[in-house]
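# Architecture and fold: a report
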Amino acid sequence: MSLPKLTRLPSVRLLSSIQHHQLLLSSIAPPAAPRRAVSQGEYRRPGQPKEDKFPGQPINFGFSKGFQGIKKHFTLLKKEFSDRWVGPQGKPLLEHMLEQNRVIWEFRGPESLDQWTVSSDREIGGQSEAYLKLGKNMNTCFLSGTLSSTPPRDGETRYSGYCTMRSKQSRVSFDRKKHNDLSSFNTLHLRVRGDGRPWMINIATETYFSHQKDDIYNYFLYTRGGPYWQDVKIPFSKFFLTNRGRIQDDQHPLWLDKVNTIGFTLGDKADGPFQLEIDFVAVCKDYAHTEEFAYEVYKRNPEI
Amino acid sequence: MKCARCLLQLQCLRLVGQSARSVAQYGALLQSVSSSQPNTLRSTPLQALRGFHGSPGHAKGRPVPAEFIDEDDKKRDKSLVAHDDLFERVAKEVKTKATFNKVVDVFIKRDVRRRGHVEFIYAALKKMPEFGVERDLVVYNRLLDVFPKEVFVPRNYIQRMFNHYPRQQECGVQLLEQMENYGIMPNMETKVLLVQIFGEKGHPMRKYQRIMYWFPKFKHVNPFPVPQQLPEDPVDLARFSLTRIANDRDAKVTVHQLPCTDVTESGEQITQPHIVGIQSPSQVELLAKHNPSRPVFVEGPFPLWLRKKCVYYYVLRADPTPPDEKVEEPFDPERCLDYPLQLELDLDRDLGDEESFDVEDVDEGPVLAMCMTSRGEQAILNQWISGLQENNPILGRVPTLFRLDAGPRELQGAADTESAHHHGPEPETQKEERQPQEEPEVKVEEEPRTSQRMKR
């Protein structure tokens, strides 16, 4: 199982390491030490000092928090055990076996927005803004904001301008990750209404090695614009592998049994307001689609 | 041991010889500068120049020979500012492709060794959007041509292994990446140049291969393509975008008013904006069935992006029909005899063959028509509604309410300043006064600002 993953080392490390070089100033300033392409920990803005925090400092050891944690985790554990008695994944066996489509996310009320995180290039010093709220009739999700592709003035970052919305990692008791098992489906089905901008759908799966934690499967979502809803069906076989925004030479099919999150990213370099309305995110089984993977996985000559 | 010493001595001798040669050459260069004969420079053999590339230490005290282009270029230092400066000086008045090429020519002719070409290429890449050549493949190839040929090609496997001339390779990759970002596909000339400069297996060549592999795969992936050059005429642009968002081949575009400028007796110029509307036969049918006691709404402006351009459209829509008024209309089997509109076949489907989703549709009111105009005032939209009455006589009896947002229009005014003077009064003031109405049914809806904000 892990053999094909072994060959998935980032072969374009050179390209991604260039991104961090001090551009154009190399003749004036001494070149910065080459940074490792696979960095540990969170993103840290260039020029910001490392936070020297005492490890135990921010942890809250309060009694009420501990009690709430115990209550939450044991409720989850109880649900986990009782779901087993009903059937796989808490559904009766017949329903599980005959399931042809499944709505993973729909938006029915403010609490459904808690399953999503919105971020923009504010984190790296950019000026884009993104907001998530419910739609006009309170049962859609309305993502809007302003895109600005002005790069931050830190001397290193060259590109900027993205807004993204990503589902949170679902967890079961004691903060274990829960993967979505979508292996009985082959198509992603969305109902969206955009404003003509192209978006990108990102699916993050569970990875085997920690250096693959930025591996994300992507495909494009083109919106038509206008007042009508748009049904989009994207087969999972079309998704291609990228790492930190760089498309990889070694392509592998998506692991559908270990899907962690799904996200929508905008970064089309057109400065201005944007909006995307999502009705639901679902998966379905398309019998007409038999393709396993849309890109070459065999060894090519010349190897790229 | 002895052997090594011999080698060292030999190397020292060679170094001395080389420096002697270089000194001689400097003398020659100095002479050539003083006699201002650039031809001697160009005629120096290439092999003799090779030795200079590996030793940047020599270059420090080197006199600058290339002063024949610009006489005021005496104090050229090695920093990047010089190249930015070069672009600014050569293209002082107009920034076009010709002047960009001229700058590249000036740089190529300035120094045979192309000293500082990496910095020059970085500066040129940065300046390309200013000159409007960022989508020009020929210019990219010319920039690649600035690299000296065959110098950075690794000659043995050890050099190939150890990332030969990394700065230059990064610069080449950077150039290709800018091409990639602007969506330009390299051609055979690029490939030949890359092979000549960096060899067959350098990183820029790999980047080239990746571009050539992935670009054709995603070339036609967009199901709603937008042309690279949008139509200049606003009416054509409106027609294009309306047919794009209508998503109906039968929909008919009507130009209700062409843009024109009139001069009144008092000498004032009155600019009439264009009004382009679209309505499909099914929308006409929906509107004909509309209950005349319920109002229809003109909503907008809603943004639509076509590549980097944002246009705004307005929608005529009705509220969703309340459930008690919904009538299930039976299909008229004789409406289409060739193609049965309703089929009731028992296909012997299994229990698991259910493919419909368990998500109720978002119940929004039906869209009855759409329009685009350059000035989204109520009077202008009134003209559109009265134009729609020709095909939809029911609009004369249905009250029409205007729910116009102010937000996006301010953005639009900030975005294109040349059309800012078109929007004269603010829409809020427009709402206050009653328009001189052609039809008495048209009402102005007074809504608090908060609810305006709630809408998109």
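Shown above is the structure to which this text applies.
Note that the structure is predicted; figures quoted are calculated from it, not measured. Here, residues in each chain are numbered from 1, in the same order as that chain's written sequence. Naming scheme: in the order in which they are written, chains are lettered from A and ligands are numbered from 1. Per-residue local features of the predicted model are confined to residues with pLDDT of at least 70, and side-chain atom pairs are confined, for both listing and counting, to 80 or more; whole-chain, interface and lining totals are unaffected and use all residues. By convention in this description, side-chain values take in all heavy atoms of the structure and omit both hydrogens and water.

For chain B, the count of helices and strands is 17 helices and eight strands. Restricting the contact set of chain B to residue pairs at least 6 apart, pairs at least 24 apart contribute 70%. About 26300 Å² of surface is accessible on chain B, with carbon and sulfur atoms providing 54% of the total. Helical segments are the DSSP runs of H or I of at least four residues, strand segments are the runs of E of at least two, and each set is numbered from the N terminus. Two residues form a contact once any of their heavy atoms are found within 4.5 Å. To measure how exposed things are, a 1.4 Å probe is used in the Shrake-Rupley method; for residues, cover is taken only from the protein chains shown.

Here we come to the pattern of salt bridges. Salt bridge, as used here, is a side-chain nitrogen of Lys or Arg placed within 4 Å of a carboxyl oxygen of Asp or Glu. Applying the stated rule across the entire model yields 30 salt bridges over all chains. The salt bridge partner of R246 of chain A is E177 of chain B, with a shortest N-O separation of 3.2 Å. Taken together, the residues span two chains, with R246 of chain A in strand β13 (residues 246-247) and E177 of chain B in helix α9 (residues 166-181). As far as burial versus exposure is concerned, R246 of chain A and E177 of chain B are alike and both buried. Among the salt bridges present, the one from K95 of chain B reaches E130 of chain B, with a minimum N-O distance of 2.7 Å. Of the two residues, K95 of chain B sits in the loop between α4 (81-90) and α5 (97-110) while E130 of chain B sits in helix α6 (residues 117-131), which places them 35 residues apart along the sequence. Within the structure, one salt-bridge network assembled from shared partners comprises K136 of chain A together with E299, R317 and R403 of chain B. Between buried and exposed lies partly exposed: a residue is buried under 20% and exposed over 50% of the maximum accessible area for its type, with that area taken using a 1.4 Å probe on protein chains only.

So, on to the side chain of T190 of chain B. All names here are of chain B. Structurally, the position occupied by T190 is in helix α10 (residues 188-198). Judged by its relative accessible area of 0%, T190 is buried. Leave out the neighbours within four places in its chain, and T190 touches L137, N141, L144, L176 and Y208.

Strand pairing within a sheet occurs via backbone hydrogen bonds; the two strands may be parallel or antiparallel. Residue and element names in this part refer to chain B. The six strands lie next to each other as β1-β4-β7-β6-β5-β8, forming an open sheet whose pairing is mixed. Sheet topology places β1 (252-257) and β8 (400-404) at the edges, where each strand pairs with a single neighbour. Recorded for the sheet is a direction-independent mean angle of 30° between the axes of neighbouring strands. A pair of strands is treated as paired once DSSP finds two or more bridges between them. Bridge count between strand β5 (residues 296-306) and β8: five bridges; the pairing is parallel. If you follow G300 over to β8, its bridge partner there is L404. On the sheet, helix α14 (residues 378-388) packs against β1, β4 (275-279), β5, β6 (309-318), β7 (367-373) and β8 and is oriented at approximately 130° with respect to β7. Axis definition: a line fit to C-alpha positions, over the contact stretch in the case of helices; interaxial angles, taken between N-to-C directions, run 0 to 180 degrees.

For our purposes a nonpolar core is just a set of buried Ala, Val, Leu, Ile, Met, Phe, Trp, Tyr and Cys residues, chained together by side-chain atoms within 4.5 Å. With 48 residues, the main nonpolar core has L188, L190, I201, F236, F239, F264 and I278 of chain A as its most contacted residues. Those residues in contact with I278 of chain A that sit more than four places away from it in its chain are F107, T140, C141, M165, R191, V192, W229 and F264 of chain A. F107, Y122, F147 and I184 of chain B belong to the second-largest nonpolar core, a separate cluster that totals 39 residues.

This part takes up the sheet that holds strand β9 (residues 198-205) of chain A. Residue and element names in this part refer to chain A. One open sheet holds the seven strands; their spatial order is β2-β5-β14-β9-β10-β12-β13, and the pairing between them is antiparallel. Two strands bound the open sheet, and with one partner strand each, they are β2 (116-120) and β13. As paired elements, strand β12 (residues 240-243) and β13 share two bridges and run antiparallel to each other. Directly across from N243, in β13, lies its bridge partner R246.

Residues and elements named next belong to chain B. Contact geometry of helix α7 (residues 137-144) with α10 gives a least axis separation of 10 Å together with a crossing angle of 10°. What the angle tells us is that α7 and α10 run roughly parallel. Facing L137, N141 and L144 of α7, the residues of α10 in contact are E189, T190, L193, L194 and I197. Residues are grouped as follows: Ala, Val, Leu, Ile, Met, Phe, Trp, Tyr, Cys and Pro are nonpolar; Asp, Glu, Lys and Arg are charged; all remaining types, including Gly, are polar. The residue makeup of the contact of α7 with α10, split by class, is five nonpolar, two polar and one charged. Note on terminology: angles under 35 degrees are roughly parallel, angles over 145 are roughly antiparallel, angles of 65 to 115 are roughly perpendicular, and the others are oblique.

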